[in-house]
Amino acid sequence: MRFSKNGSCSYSFTFTLLLICATLLILPSKTQAQTDTMPQFQLIILNQDWHDLQLGYRYITAQPNLNAADKSNPLFVIGLNEIESYDWTWQAITLTPDATTRLIDVLPLSDKDGVRSLITLKESLGWGNPLENALYIHPFVVMVNDEMLYGGIFLDPISQMAIDFPVIRITLVNGQAVLYLLPVHIPFVNYDPFAGGVSLDNAINEVVEGDWSQFPDEFKSGIMSIGKTPVAILFRGLIRNAQIKDALLAANKLIETSPTEPPESE
């Protein structure tokens, strides 16, 4: 775990300032042509994986490597046409039935460094779902007007990888793929509990919910603190970029559900 015994994280002011400055360097810049049209949004799932790109666990390493990654031959591209709805409250992207089918058709099967063995074990235990297992540690980048805003990896709730950059949970709801964007990996949760007004308990994955109530409060506070770090706050803001919201609104894809009701999962 990345939190201290009292549940707090030790990030210096200098580090946070440098982090924010580094982030500003990769923010999309506006040209006159871009300001005359609505911004474009794409979530690109790359063909490489976490190992290939040597992303590591830290934002400082991951974002430059994701920015430099080959995006010309992606595994799958989620554009506005592939999105049925984008729930801004919970940062939940629901794909159309057609896009879900096409995504399933290109799902990779990794056997790198024991990943295949881990996937097989999870499937035998009934953990996760086919999409989640097949896309485990696969990188993605979010593009606005053909420039990278941020990137991360697909990661399941049970993973103990201390990833301090964005992750996606993916599941199936009524036969359609739903992607939940989290600013950093918060272990055991299905979605970002800070996105709305629900408690951490509501976001806990069903695999561990039986044990969760038995965990000491200090441990729970430590998990909660991960979602409150300066890095998490920074990426939560990038995920909610105003240009993305404008593009979704113009395409009639944007919805905003109640912040007090947890998102539906399957």
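Structure: above.
Every chain's residues receive numbers from 1 upward, in the order its sequence appears when written. Reporting in this predicted model follows two pLDDT cut-offs: at least 70 for local features of residues, and 80 or more for side-chain atom pairs to be given and counted; totals over whole chains, interfaces and linings ignore these cut-offs and use all residues. As a convention, hydrogens and water are excluded, and side-chain values are obtained from all of the structure's heavy atoms.

**Student:** It is not clear to me how the nonpolar core should be interpreted in this structure. Could you clarify?
**Tutor:** It is characteristic of soluble globular proteins that their nonpolar side chains tend to be buried jointly. Put simply, buried Ala, Val, Leu, Ile, Met, Phe, Trp, Tyr and Cys residues joined by side-chain atoms within 4.5 Å make one nonpolar core. Each residue gets one of three labels from its accessible area relative to the maximum for its type: buried under 20%, exposed over 50%, partly exposed in between, using a 1.4 Å probe on protein chains only. Within the largest apolar cluster, 75 residues are counted, with the highest numbers of intra-cluster contacts made by Phe41, Leu43, Ile93, Tyr150 and Ile153. Think of it this way: any DSSP run of H or I at least four residues long counts as a helix, any run of E at least two long counts as a strand, and we number them from the N terminus. Of the residues forming this core, the biggest block, 6 residues, is contributed by strand S8 (residues 176-182). Here Ile93 is in contact with Phe41, Leu43, Ile83, Ser85, Tyr86, Ala177, Val178, Leu179 and Leu181, once residues within four sequence places are set aside. Residue contacts are counted whenever heavy atoms from the two residues lie within 4.5 Å of one another.

**Student:** Which parts of the structure should I look at to understand the packing of aromatic side chains?
**Tutor:** Geometrically, a pair of aromatic rings is defined through the distance of the ring centres and the angle of the planes. What counts as a ring pair is set by centres within 6.5 Å for rings of Phe, Tyr and Trp (its six-membered ring), and what kind of pair is set by the plane angle: stacked under 30 degrees, edge-to-face over 60, tilted for all other angles. Scanning the entire structure with this criterion turns up 13 aromatic pairs. Measuring from ring centre to ring centre gives 6.3 Å for Tyr180 and Tyr191, while their planes differ by 45°; the resulting arrangement is tilted. With Tyr180 in strand S8 and Tyr191 in the loop between S8 and helix H7 (200-203), this pair connects stretches of sequence that are 11 residues apart. The buried category is assigned to Tyr191, whose relative accessible area is 3%. Plain terms: the ring middles of Phe215 and Phe219 are 5.0 Å apart, the flat faces sit at 65° to each other, and that makes the pair edge-to-face. Through a chain of ring-to-ring contacts, three or more aromatic side chains come together here, namely Phe188, Trp212, Phe215 and Phe219.

**Student:** Sorry, what's going on with the pattern of salt bridges here?
**Tutor:** Side chains that carry opposite charge are capable of pairing whenever their charged atoms lie near each other. The term salt bridge refers to a side-chain nitrogen of Lys or Arg lying within 4 Å of a carboxyl oxygen of Asp or Glu. One pass over the full model with this rule turns up 5 salt bridges. The partner of Asp192 in a salt bridge is Arg236, and the shortest N-O contact between them spans 2.8 Å. One end of the pair, Asp192, is in the loop between S8 and H7; the other, Arg236, is in helix H10 (residues 230-239), and 44 residues separate them in sequence. The two residues Asp192 and Arg236 agree in class, both being buried. As a salt-bridge pair, Glu256 and Lys245 come within 3.6 Å of each other at their nearest N and O atoms. Placement of Glu256 in the segment after strand S9 (254-255) and of Lys245 in helix H11 (residues 242-250) is noted, with a sequence separation of 11 residues between them.

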